[in-house]
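Residue strings, one per chain:
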Amino acid sequence: MKNIAVIGAGTMGNGIAHVFAQNNYNVHLIDISQDAINKGISTITKNLDRLLAKEKITEATKTQTLNNITSFTSIVEGVKNIDLVVEAATENVDLKLKIFKQLDDVAPQNAILASNTSSISITKIAAATKRPEKVIGMHFMNPVPIMKLVEIIRGYNTSNNVTKTIMELSEKLHKVPVEVNDYPGFVANRILMPMLNEAIETLYNGVAGVYEIDTVMKLGMAHPMGPLQLADFIGLDVCLSILNVMYDGFKNPKYAPCPLLVNMVQAGKLGAKSGEGFYDYSTSKKAEIISKQFQ
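Residues numbered from 1 in each chain as written. Predicted model: local features only at pLDDT ≥ 70, side-chain atom pairs only at ≥ 80, totals over all residues. Heavy atoms only, no water.

Undergrad: Talk me through the side chain of Asp232; I want residue IDs and the actual numbers.
TA: Looking at the secondary structure, you find Asp232 in helix H10 (residues 227-234). Summary of buried charges: Asp232 has no salt-bridge partner, and the nearest side chain of opposite charge, Lys273, is 10 Å away. Aside from chain neighbours lying at most four places away, what touches Asp232 is Leu270, Gly271, Ala272, Gly277, Phe278, Tyr279 and Tyr281. (Helix = DSSP H or I, 4+ residues; strand = E, 2+ residues; numbered from the N terminus. Buried < 20%, exposed > 50% of the residue type's maximum accessible area, 1.4 Å probe, protein only. Lys, Arg positive; Asp, Glu negative; His and termini not counted. Salt bridge = Lys/Arg side-chain N within 4 Å of Asp/Glu carboxyl O. Contact = heavy atoms within 4.5 Å.)

Undergrad: Could you give an account of the sheet that holds strand S1 (residues 3-7), naming the residues involved and the relevant values?
TA: The mixed open sheet is built from eight strands, whose spatial order is S3-S2-S1-S4-S5-S6-S7-S8. Bordering the open sheet on either side are strand S3 (69-72) and strand S8 (176-181), each of which pairs with just one other strand. Taken over all neighbouring pairs, the strand axes of this sheet differ in orientation by 25° on average, direction set aside. Both S1 and strand S4 (residues 84-87) contribute to a ladder of four bridges, which runs parallel. Along S4, the bridge assignment pairs Val6 with Val86. (Pairing = 2+ DSSP bridges. Axes fitted to C-alpha atoms, helices over the stretch in contact; angles between N-to-C directions.)

Undergrad: Outline the pairing of S8, listing residues and values.
TA: Here six bridges tie strand S7 (residues 149-154) to S8, and the two strands are oriented parallel to one another. In the sheet register, Val150 faces S8, and the bridge partner there is Pro177.

Undergrad: Explain the environment of Val144 to me, using residue names and the numbers behind them.
TA: Here Val144 lies in the loop between strand S6 (135-140) and S7. When near neighbours in sequence (up to four residues on either side) are disregarded, Val144 contacts Met12, Gly15, Ile16, Val19 and Lys175.

Following this line, the structure appears as structure tokens:
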């Protein structure tokens, strides 16, 4: 396995492309938007420069990594002669089903089709193809170049051989793969998202403020960042989407998103990427200034 296609040049997609390219795989970075591709390549370059400044890589490694990436705005062209596709498009079930149906038609028959989905059923995605045994989840963590974990999600029909191949491939990327079964939220988000939602409920109910909630979890539970800051970092729209998937999948009210989260997403307050969430990012990318509505 040498030729990898990554669909989506956003935060997760460019991170996945970076990791494969730095480990000397040939990477086809695919996005319908040339602007998104340009931003993705720029992000990869900046991240490589950061590693270079810390003397974790050489100039030659940086150059080779970038040379290993070829960009495409067409899925049909981008998946020619590839061994693995990793889809990292927006967390939208209809979009993913559409992409996988197309991939099944145009990708080589022996290619494995993986999704970086953080919550959507791999079994459902696989059902859009005629090769469900070759469909699997590769849920990388953000930021991809730094975080070690990859959740490997087996769909109902995913073969043992494909699972073994992807587990071994993840180890070659210097990641730690963990195999999980296909249930809403898998493991990471099934545990994480209710915690973030409960933090939002705690704020919504007036138990404590943004700073207080995050400080309790950082200093009391040794979390590297507070849950409200983490929700901002992930994207409140993404959090809402994952909670909705789990709520729909389990029909259990404990997964129902907090009304405050719903309202913030509807108002366009999505966290760091929109400039405001629980914190104000208009002057700094760091979560240092609490949003006015929570002051």
